[in-house]
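Chain by chain, the residues:
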Amino acid sequence: MTTRATQAHAIPRKEDMFFDREEEGRTLLRAALRQRDPAISPVETLRLLAHRLVADDSPYISFSAAGQGFIATVEESAALKARARAIRDELVEVVAQTLTESTGRESGDPLAHLAASLLLATWSVALIEAHRAFRQHGDAQRARAGFLALVDQGHTGLNAALTGTPYA
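Residues numbered from 1 in each chain as written. Predicted model: local features only at pLDDT ≥ 70, side-chain atom pairs only at ≥ 80, totals over all residues. Heavy atoms only, no water.

Novice: Describe the environment of Gly-138, naming the residues involved and giving the relevant values.
Specialist: Counting through the fold element by element, Gly-138 comes out in the loop between helix H7 (110-137) and helix H8 (140-161). Take Gly-138: its relative accessible area is 48%, and that puts it in the partly exposed class. Once the C-alpha coordinates of Gly-138 and Ser-64 are considered, the two residues, 74 residues apart in sequence, prove to be 7.7 Å apart. (Helix = DSSP H or I, 4+ residues; strand = E, 2+ residues; numbered from the N terminus. Buried < 20%, exposed > 50% of the residue type's maximum accessible area, 1.4 Å probe, protein only.)

Novice: Explain the packing of aromatic side chains to me, and be specific about the residues and the numbers.
Specialist: In the structure shown here, the tally under the stated rule is two aromatic pairs. Seen in terms of ring centroids, Phe-63 and Phe-147 are 6.4 Å apart; in terms of plane orientation they differ by 50°. Their pairing is tilted. Of this pair, Phe-63 sits in the loop between helix H4 (42-55) and helix H5 (65-75) while Phe-147 sits in helix H8; the two residues are 84 residues apart in sequence, bridging distant segments of the chain. Judged by its relative accessible area of 0%, Phe-147 is buried. Ring centres of Trp-123 and Phe-147 lie 6.4 Å apart, and the angle between their planes is 80°; this geometry places the pair in the edge-to-face category. One end of the pair, Trp-123, is in helix H7; the other, Phe-147, is in helix H8, and 24 residues separate them in sequence. The exposure classification of Trp-123 matches that of Phe-147, with both residues buried. Following the ring pairs from residue to residue traces out a cluster consisting of Phe-63, Trp-123 and Phe-147. (Phe/Tyr/Trp six-rings, centres within 6.5 Å; stacked < 30°, edge-to-face > 60°.)

Novice: Can you break down empty space enclosed by the protein residue by residue, with the values?
Specialist: What the rule picks out here adds up to one cavity of 30 Å³ or more. By volume, the largest cavity is sized at about 30 Å³. Looking at the lining of the largest cavity, the elements with two or more residues in it are H4 and H7. Here the residues of the lining of the largest cavity are counted per class, giving six nonpolar, no polar and no charged. (1 Å grid on protein atoms, 1.4 Å probe; cavity = no way out; pocket = protein on both sides within 12 Å on 5 of 7 lines; lining within 4 Å. Points joined across faces, edges and corners; volume = space filled by probe spheres on them. Nonpolar A, V, L, I, M, F, W, Y, C, P; charged D, E, K, R; others polar.)

Novice: Can you break down the side chain of Thr-100 residue by residue, with the values?
Specialist: Relative to the helices and strands, Thr-100 is located in helix H6 (residues 78-103). In this structure Thr-100 comes out as buried when scored by relative accessible area, which is 2%.

Novice: How would you summarise a nonpolar patch on the surface if you had to cite specific residues and measurements?
Specialist: A grouping of Leu-111, Leu-114 and Leu-118 is seen on the molecular surface, where their side chains present a nonpolar patch of about 190 Å² in accessible area. If you trace the backbone, Leu-114 turns up in helix H7. (Patch = residues over 30% accessible without salt bridge, like charges linked within 9 Å, V, L, I, M, F, W, Y side chains within 5 Å. Areas by Shrake-Rupley, 256 points an atom, 1.4 Å probe, with all protein chains shown as cover. Salt bridge = Lys/Arg side-chain N within 4 Å of Asp/Glu carboxyl O.)

Novice: Just give me the short version of unusual backbone geometry, but keep the residues and values in it.
Specialist: With a phi angle near 55°, Asp-57 is a residue other than glycine that sits in the positive phi range. You can see Asp-57 is positioned in the loop between H4 and H5.

Novice: Tell me about the packing of helix H3 (residues 22-34) against H4, and name the residues and values.
Specialist: Put simply, H3 and H4 touch, their axes get as near as 9 Å, and they point 130° apart. One finds that H3 runs oblique with respect to H4. For the pair H3 and H4, the crossing hand works out as right-handed. Taking contact as the criterion, the partners of Leu-28, Leu-29, Ala-32 and Leu-33 in H3 are, on H4, Pro-42, Thr-45, Leu-46, Leu-49, Arg-52 and Leu-53. Looking at side-chain class alone, the contact of H3 with H4 contains eight nonpolar, one polar and one charged residues. (Axes fitted to C-alpha atoms, helices over the stretch in contact; angles between N-to-C directions. Parallel < 35°, antiparallel > 145°, perpendicular 65-115°, else oblique. Left-handed = near helix turned anticlockwise from the far one by under 90°. Contact = heavy atoms within 4.5 Å.)

Novice: Residues and numbers for H8, please.
Specialist: Residues three or four positions apart in an α-helix share a direction because the helix packs 3.6 residues into each turn. Here H8 contains 22 residues, and its C-alpha end-to-end distance of 31 Å stays within 8% of the 32 Å for a straight helix at 1.5 Å per residue. Among the residues of H8, those classed as buried are Ala-140, Ala-143, Arg-144, Phe-147, Leu-148, Val-151, Gly-154, His-155 and Leu-158. Across the axial projection of H8, the buried residues extend over an arc of 135°, all falling on one side. Among the exposed residues of H8, those pointing more than 90 degrees away from its buried face are Gln-141, Gln-153, Thr-156 and Ala-160. Its buried side turned inward, H8 meets H4 and H7. (Expected span 1.5 Å × (residues − 1). Arc of directions from axis to C-beta.)

Rendered as structure tokens:
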């Protein structure tokens, strides 16, 4: 016998069906940190991941006319914007946990949470601004370059904030 609560969890929300690559993104971030070269800091590993995603023309860092439809749909929907923010917050927790695991720190380390929060804020701003640039100019290469410039600038701040920790 199933209860209403069990049934509710079995039916995905429309917003979750829209963001159908969420788990793939989590896996990508976890793998980058878990498989990193020990000579490269976790923060640098994630900066390099952004560069690799752009070089590989990953769907996560894609600036195209088709992608603008997706972005416009999110921007026009309060429910989708709320889900996007929730996904970002969930990714902060995933990255923070994986940071502690990959460095041998205790779970719940506030510095890992700081690092993850700054990282996701950096990538969020970089993505939003790159999509705006693409919408304005229609130039995917320019949008990718702008994305990477903001990621690099944000990671400079991340490194400064985390100097002396195992994350930087």
